[in-house]
Amino acid sequence: MAHPRDIARSALSNAVSYSTLSVSPTATFHSPTANFHSPTAGSQPGSFAGSSFAYRPGPQRQLKPFNTEDIKILLLENVNETGRNILKGQGYQVEFLKSSLPEPELIEKIRDVHVIGIRSKTKLTAKVLAEAKNLLVIGCFCIGTNQVDLEYAAKHGIAVFNSPFANSRSVAELVIAEIISLARQLGDRSLEMHRGTWNKVSAKCWEIRGKTLGIVGYGHIGSQLSVLAEAMGMNVIYYDILTLMAIGTAQQVPTLEHLLEQADFVTLHVPETPETKNLISTKQFEHMKTGSYLINASRGTVVDIPALIKAMRSGKVAGAALDVYPNEPAANGDYFTNDLNTWAEDLRGLNNIILTPHIGGSTEEAQRAIGVEVAEALVRYINQGITVGSVNLPEVTLRSPGIEDEDRARVIYIHRNVPGVLRKVNEILAEHNVDKQISDSKGDIAYLMADISNVKTEDIKEIRDNLDALSSRIITRVLY
Ligand SMILES: NC(=O)C1=CN([C@@H]2O[C@H](COP(=O)(O)OP(=O)(O)OC[C@H]3O[C@@H](n4cnc5c(N)ncnc54)[C@H](O)[C@@H]3O)[C@@H](O)[C@H]2O)C=CC1
Ligand SMILES: O=C(O)CCC(=O)C(=O)O
């Protein structure tokens with residue numbers, strides 16, 4: 001018996017209507033530049049703002065198997081208007097909420113939608129996704145994707161996209177500000193003045209010139225930070241599980257301990273994974289230099305906060321800046337207290353600690369660029385089935401048929417990666433002319449895309465039904 005998800009999705013891909021012709025859709029495979037300022041560019045159907053790679057010059061047909069207004073999108077967590085405008089410009093139904101939702105409300109809403117857009121707070125667990133019977137695709141309007149059960153999503157043919165580096169610069173700049181602020185105890189001095197106290201001190205206040213910055217995780221953010229820190233006269237060392245090319249005169253060190261023993265400032269830029277949980281805990285604080293500083297703008301689980309509190313009380317750590325926490329409030333105005341994290345009051349009572357509400361990527365430039373990048377990826381996936389940039393499905397693309405190419409259809413078949421599938425699929429497609437075909441796999445999941453010609457509207461149902469009947473099938477979509 002067909003799963004309700006499949007029936008709902010089938011309803012979309014069975015609707016037989018040739019879509020209107022549009023201007024040339026081109027593809028953006030790189031983050032738009034950070035100074036992208038046009039909230040409306042790219043909002044017209046089939047055009048993509050900030051495109052850096054147009055893979056077919058002439059006019060192309062926009063492939064859609066449905067009426068665009070049937071597509072329901074839920075955007076949570078105040079997704080930037082650049083993204084909202086692109087999705088609305090396609091004619092999709094877009095519901096926009098400023099905050100994340102408690103799980104019961106999320107489950108209620110996710111049942112109904114084909115697309116969900118989130119940022120870092122909304123947890124799309126297997127339990128939540130199991131209720132999302134219509135869901136085709138998830139857009140994470142941020143870098144991190146740890147909040148989504150990527151494996152469950154892939155196994156159920158739900159694509160996940162993110163914006164891999166549009167906010168990296170914003171995070172790196174925040175960290176530079178924090179390094180100086182901690183070295184000069186700016187947070188404490190400012191707080192004292194706000195309370196009416198003049199406290200002019202130089203003891204244990206330092207220049208950052210000549211100090212060593214230890215970067216844990218030398219990816220997009222870590223390497224960007226490396227450049228900025230060197231420009232300010234710091235020596236940079238980094239630790240990463242991968243061997244990575246050093247930028248400038250930075251040096252990779254072989255172990256985390258080497259880094260902790262040498263660094264005056266330790267800053268964390270790793271993803272949330274089982275390996276990075278409590279990456280910095282009691283043992284690691286022991287390795288740190290007395291009077292050094294810790295900055296965490298990665299994920300809250302990476303630092304053992306009770307251990308940090310002890311290390312700061314003992315003077316081992318002279319200051320810290322935290323932007324992320326194991327449990328974060330759902331919305332602005334909510335409280336950050338012991339109800340959320342049992343140690344919150346102790347943390348707030350420490351000296352020289354900068355606490356920010358997960359604002360590392362919160363700049364106008366970053367949010368605008370992320371809005372464009374993720375919304376464009378969603379449009380490409382919904383309208384053309386292109387998975388380039390997906391974090392959980394194989395990355396597959398084909399150039400779209402031109403407007404003159406009639407009687408064409410694009411078959412998308414997401415399936416379990418088991419032997420013999422291609423043969424069976426090609427038997428089904430054999431009655432038509434297969435113009436182009438591409439297939440790729442990622443672990444247990446494979447994604448096949450074929451553009452076929454010589455297809456009549458009445459053939460489409462048969463193709464779908466035959467593909468749906470294969471035991472390897474996860475999702476079938478036919479776009480035309
Ligand atoms: N505070 C904020 O607003 C923001 C926070 N973030 C967080 O920052 C994290 C890092 O971002 P990017 O630099 O863009 O990621 P990235 O993927 O470009 O780089 C992460 C680096 O960490 C390394 N790594 C992974 N596990 C490691 C381990 N156990 N030990 C040492 N190195 C390890 C990887 O090899 C990689 O080089 C994101 O995953 C996200 O969680 C990202 C953007 C904004
Ligand atoms: O600004 C946000 O919503 C989340 C930023 C972040 O942590 C990320 O991009 O991974």
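- The name an unreviewed UniProt entry assigns to the protein is phosphoglycerate dehydrogenase, from the organism Remersonia thermophila.
- Regarding the protein, the UniProt comment filed under Pathway (unreviewed entry) reads as follows: "Amino-acid biosynthesis; L-serine biosynthesis; L-serine from 3-phospho-D-glycerate: step 1/3."

## A word on the overall build of the protein
At step 1: Helix and strand content of the protein: 15 helices and 16 strands.
At step 2: Pairs at least 24 apart in sequence give 67% of the contacts found in the protein among residues at least 6 apart.
At step 3: With an accessible surface of roughly 20900 Å², the protein has 53% of that area assigned to carbon and sulfur atoms.

## Points about the UniProt feature "domain: ACT" (unreviewed entry) in the protein
At step 1: In the numbering adopted here, UniProt assigns the feature "domain: ACT" (unreviewed entry) to residues 410-480.
At step 2: Secondary structure across residues 410-480 comprises 30% helix and 46% strand; the distance between its end C-alpha atoms is 6 Å.

## Quick look at the site of ligand 1
At step 1: In the vicinity of ligand 1 lie 26 residues, with His220, Ile221, Asp240, Ala297 and Asp323 positioned nearest.
At step 2: Here Ile221 contributes a backbone N or O atom positioned 2.9 Å from an oxygen atom of ligand 1.
At step 3: One of the side-chain N or O atoms of Asp240 is found 2.6 Å from an oxygen atom in ligand 1.
At step 4: Expressed as a share of its isolated accessible area of 860 Å², the protein-covered part of ligand 1 is 88%.

## Re helix H13 (residues 364-384)
At step 1: With 21 residues, H13 should reach 30 Å at 1.5 Å per residue; the first-to-last C-alpha distance of 30 Å fits that figure.
At step 2: The element H13 is largely enclosed, with a buried count of 18 among its 21 residues.
At step 3: In the segment just after H13, Gly385 is the residue with positive phi, at about 75°.

## Focus: the sheet that holds strand S16 (residues 473-479)
At step 1: Sheet architecture is open: four strands sit in the order S14-S15-S13-S16, paired in antiparallel fashion. With one partner strand each, in any of the chains shown, strand S14 (433-442) and S16 form the two edges of the open sheet. When the angles between neighbouring strand axes are averaged without regard to direction, this sheet yields 10°.
At step 2: With six bridges connecting them, strand S13 (residues 408-416) and S16 associate as antiparallel partners.

## Quick word on a nonpolar patch on the surface
At step 1: On the surface, Val227, Met245 and Ile247 cluster together to form a nonpolar patch covering roughly 290 Å² of accessible area.
At step 2: Looking at where Val227 falls in the secondary structure, it is placed in helix H8 (residues 220-231).

## Notes on the packing of aromatic side chains
At step 1: In total, this model carries four aromatic pairs according to the counting rule given.
At step 2: With 5.8 Å between their ring centres and 55° between their planes, Phe161 and Tyr381 make a pair best called tilted. Highlighted residues: Phe161 in strand S5 (residues 159-161) and Tyr381 in helix H13, separated in sequence by 220 residues.
At step 3: Classification of Phe161 as buried rests on a relative accessible area of 1%.

## Description of the pairing of strand S7 (residues 235-239)
At step 1: In terms of strand pairing, strand S6 (residues 212-216) meets S7 through five bridges, oriented parallel. Within S7, the position partnered with Val216 by the bridge is Tyr239.
At step 2: Regarding the hand of the β-α-β motif, the stretch spanning S6, H8 and S7 is right-handed.
At step 3: Two strands pair when backbone bridges link them, and S7 and strand S8 (residues 251-252) are joined in this way by two bridges, in the parallel orientation. Among the inter-strand pairings, Ile237 is bridged to a residue of S8, identified as Gln251.

## Remarks on the packing of helix H2 (residues 81-89) against H13
At step 1: Relative to each other, H2 and H13 sit at 25°, their axes nearing to 6 Å. Regarding the angle of H2 to H13, the classification is roughly parallel. Viewed along their axes, H2 and H13 form a crossing whose handedness is right-handed. Residue-level inspection shows Thr82, Gly83, Ile86 and Leu87 of H2 in contact with H13, the latter providing Gln367, Arg368, Gly371, Val372, Ala375, Glu376, Leu378 and Val379.
At step 2: A per-class count over the contact of H2 with H13 returns six nonpolar, four polar and two charged.

## Focus: the site of ligand 2
At step 1: Residues in contact with ligand 2, as listed here, are Arg119, Ser120, Cys142, Ile143, Gly144, Asn167, Arg299, His358 and Gln367.
At step 2: Between ligand 2 and the protein, one listed contact pairs an oxygen atom with a side-chain N or O atom of His358 at 2.6 Å.
At step 3: A total of 290 Å² of accessible area belongs to ligand 2 in isolation, and the protein chains cover 90% of it.

Definitions and limits used
- Residues numbered from 1 in each chain as written.
- Chains lettered and ligands numbered in written order.
- Predicted model: local features only at pLDDT ≥ 70, side-chain atom pairs only at ≥ 80, totals over all residues.
- Heavy atoms only, no water.
- UniProt positions renumbered as here; feature names shortened; annotations may be inferred.
- Helix = DSSP H or I, 4+ residues; strand = E, 2+ residues; numbered from the N terminus.
- Contact = heavy atoms within 4.5 Å.
- Areas by Shrake-Rupley, 256 points an atom, 1.4 Å probe, with all protein chains shown as cover.
- Near = heavy atom within 4 Å.
- Polar contact = N/O pair within 3.5 Å; in protein donor to acceptor, adjacent residues only side chain to side chain.
- Expected span 1.5 Å × (residues − 1).
- Buried < 20%, exposed > 50% of the residue type's maximum accessible area, 1.4 Å probe, protein only.
- Pairing = 2+ DSSP bridges.
- Axes fitted to C-alpha atoms, helices over the stretch in contact; angles between N-to-C directions.
- Patch = residues over 30% accessible without salt bridge, like charges linked within 9 Å, V, L, I, M, F, W, Y side chains within 5 Å.
- Salt bridge = Lys/Arg side-chain N within 4 Å of Asp/Glu carboxyl O.
- Phe/Tyr/Trp six-rings, centres within 6.5 Å; stacked < 30°, edge-to-face > 60°.
- Right-handed = clockwise from strand over helix to strand, strands pointing away.
- Parallel < 35°, antiparallel > 145°, perpendicular 65-115°, else oblique.
- Left-handed = near helix turned anticlockwise from the far one by under 90°.
- Nonpolar A, V, L, I, M, F, W, Y, C, P; charged D, E, K, R; others polar.

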